[in-house]
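# A closer look at the structure
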Amino acid sequence: MASPTALPLLLPEILHMICEHLYDKKRTLANLAMTCSALEKPALDLLWLELNTFYPLAKCLPSELWIEVPRPGGKSMLMLQQPLSRPDCNRLVRNVYHGIYTVLGDTKLLPNVRSLTWLLDHDNDHRLSSVRMFLGPHLGQIYLHAGDASQSASLVSILGDLYPSLQKFRFKWKHHPQKQRRVVDIVSNTIFKWHHLKSLEVSTVTSSTLVALSTLPNLVHLEVSRWVVDVATPDTLRKGGGFPALDFLEIGVYLPTDCISLLEVLDSSPVTKLDIYYQKPQLSDEWKMVYSAIRDHCSHDTLECLNITEHLDESLVDNLHAGDILQFDALKPLLVFHNLQKLDIDLHHGLYICDSTSTEEMAASWTKIKHLYLNLAYGCRSQWKSTITLDDLLPFAVHCPDLEHLAISIDATSPPEIGKLKPGNGVAQTSLIELQIGDSPAAGVPACIAAFLSSVFPSLVYIVTMESREETEAEWRDDATNHIEKIWEDAMNLLGSFAAVREQEMWYHTFYK
């Protein structure tokens, strides 16, 4: 039995104050926790209060899985003896969660956390229940990634009432036809409760939710993979004046009319980045409508990045028709965006740019462009061969000083002769480092191609063809394809040598004129 003078020392407040004096001495705290049951809890509370390394947590793994290796300076390092099996990891996670539940009960593990990112999947049901421990009162952004959204939807349903002032929310899940609509309704109903959202990323919402989102005054970032029509249709969106603060918009659509309906809302939106991707191929006439809508409803002054991607159906590649290929005229509405820094157009049917007038118009309009990717048509060399030559790339060197990446189909079957070049007196653009040319044809001496490109683009390092970009099965590559590939490969390998010669010539012309 403790003496009367020793009883005050057993008060939790006194024991906690004693342990606080040892807060910076982790080893002493660990020894103190093993001294007696009265000191165990206050000592362990401080010992695990702040972790600067996963070292202590790793030592919770079974001892046969790791070994302690000395390091210079007296410190040691844990090394795994064998790869961790899934049961080992799951057992550790379950034990940690069980211990936390036992100690904390309903108390939040991290009451001051502001941002939460959580991975949910159907193989770890305990993770779904465990996330509730981290739903502290100060959360401002929640990012959830779900394998089976039907289970995690129940968690999403309570977030609307818990966090009415939530500012950022991301919930991505795998599409499941039988469960999809239930999840969409739950997510949409939850989003309706958030009036202070600044950023939203979801797989699917209802069109009514989209209408409500267009009225939010602070929404700057929106990503929606697709939407399903309920009571409201996209046509009920306000024509102009919607999304007043939107800066980034990424949408996935099935029909051009849906895309156009949404674009019509953006008349006053200061969008700087617009991503549009279609779930199925569209005809060229439909794309013309979309490009015209982008011109008519997106700010010409603020748009800096435009990505337009179409799902590629390989089975349709060999069935292209003249009406399917997108001509340069369809792109002309985009020439009004003079502040574009990135333009990426990747369409299933291909993009046909036929002459130097086209490259001159593009380069003169997009003088601030840094990344320009113009669809490299698949398998169209014979029918839709580009007539743009190496000389037709000169407008990009003249008007686009910041261009770093260029993807365009060209015809290099008649490269300029080396003797006709005038090193040091021609145009030189020093930013371009990569040129993607798809399955562009080439002929003649690789040195002629390399000499021209290194003269106009002295910083060019990479020439990327379709075959070098993708692993192509040997049986699909004929002799002609291999020959063209070899020409481009040899030209790329010569770029460095020609660039060094150009640099020496420039130096000579500078000092010995």
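Before going into details, it helps to say that this report is about the structure given with it. (Residues numbered from 1 in each chain as written. Predicted model: local features only at pLDDT ≥ 70, side-chain atom pairs only at ≥ 80, totals over all residues. Heavy atoms only, no water.)

### Digging into the environment of Gly-444
Relative to the assigned elements, Gly-444 resides in the loop between strand E16 (434-438) and helix H14 (446-456). Each C-alpha atom, one on Gly-444 and one on Ser-414, is 7.1 Å from the other, the two residues being 30 residues apart in sequence. (Helix = DSSP H or I, 4+ residues; strand = E, 2+ residues; numbered from the N terminus.)

### Focus: the side chain of Glu-250
Assignment of secondary structure puts Glu-250 in strand E8 (residues 248-253). Every residue in contact with Glu-250, bar those within four places of it in the chain, is listed here: Leu-222, Glu-223, Val-224, Asp-275 and Tyr-277. (Contact = heavy atoms within 4.5 Å.)

### Concerning the nonpolar core
Most often, soluble globular proteins keep nonpolar side chains buried together rather than apart. In this structure, Phe-169, Tyr-291, Ile-294 and Leu-453 are the most contacted members of the largest nonpolar core, which totals 112 residues. The dominant element in this core, judged by the number of residues it contributes, is H14, at seven residues. Residue contacts for Leu-453: discarding those within four places in its chain leaves Leu-390, Leu-393, Leu-435, Pro-458, Leu-460, Ile-463 and Leu-495. Core analysis: the second largest hydrophobic core is formed by ten residues, Leu-15, Leu-29, Leu-32 and Leu-46 among them. (Core = buried A, V, L, I, M, F, W, Y, C linked by side-chain atoms within 4.5 Å. Buried < 20%, exposed > 50% of the residue type's maximum accessible area, 1.4 Å probe, protein only.)

### Focus: the packing of helix H1 (residues 12-20) against helix H3 (residues 37-47)
The interhelical angle for the contact between H1 and H3, taken along N-to-C directions, is 45 degrees, at an axis separation of 9 Å. By the angle between their axes, H1 is oblique relative to H3. Remark: the crossing between H1 and H3 carries right-handed chirality. Contacts between H1 and H3 involve Leu-15, His-16, Cys-19 and Glu-20 from the first element and Ala-38, Leu-39, Pro-42, Ala-43 and Leu-46 from the second. Split into classes, the residues belonging to the contact of H1 with H3 amount to seven nonpolar, one polar and one charged. (Axes fitted to C-alpha atoms, helices over the stretch in contact; angles between N-to-C directions. Parallel < 35°, antiparallel > 145°, perpendicular 65-115°, else oblique. Left-handed = near helix turned anticlockwise from the far one by under 90°. Nonpolar A, V, L, I, M, F, W, Y, C, P; charged D, E, K, R; others polar.)

### A short note on a nonpolar patch on the surface
Taken together, the side chains of Ile-67, Met-77 and Met-79 make up a nonpolar region of the molecular surface, amounting to roughly 230 Å² of accessible area. Here Ile-67 shows up in strand E1 (residues 66-70). We classify Ile-67 as partly exposed; its relative accessible area is 37%. (Patch = residues over 30% accessible without salt bridge, like charges linked within 9 Å, V, L, I, M, F, W, Y side chains within 5 Å. Areas by Shrake-Rupley, 256 points an atom, 1.4 Å probe, with all protein chains shown as cover. Salt bridge = Lys/Arg side-chain N within 4 Å of Asp/Glu carboxyl O.)

### Some points on the pattern of salt bridges
Throughout the structure, instances matching the rule amount to nine salt bridges. With its nearest N and O atoms 2.9 Å apart, the salt bridge here joins Asp-45 to Lys-41. Placement of the pair is Asp-45 and Lys-41 together in helix H3, with a separation of four residues, close to one helical turn. For Lys-41, a relative accessible area of 53% puts it in the exposed group. Each of Asp-329, Lys-332 and Glu-361 takes part in salt bridges that share partners, so that together they form one network.

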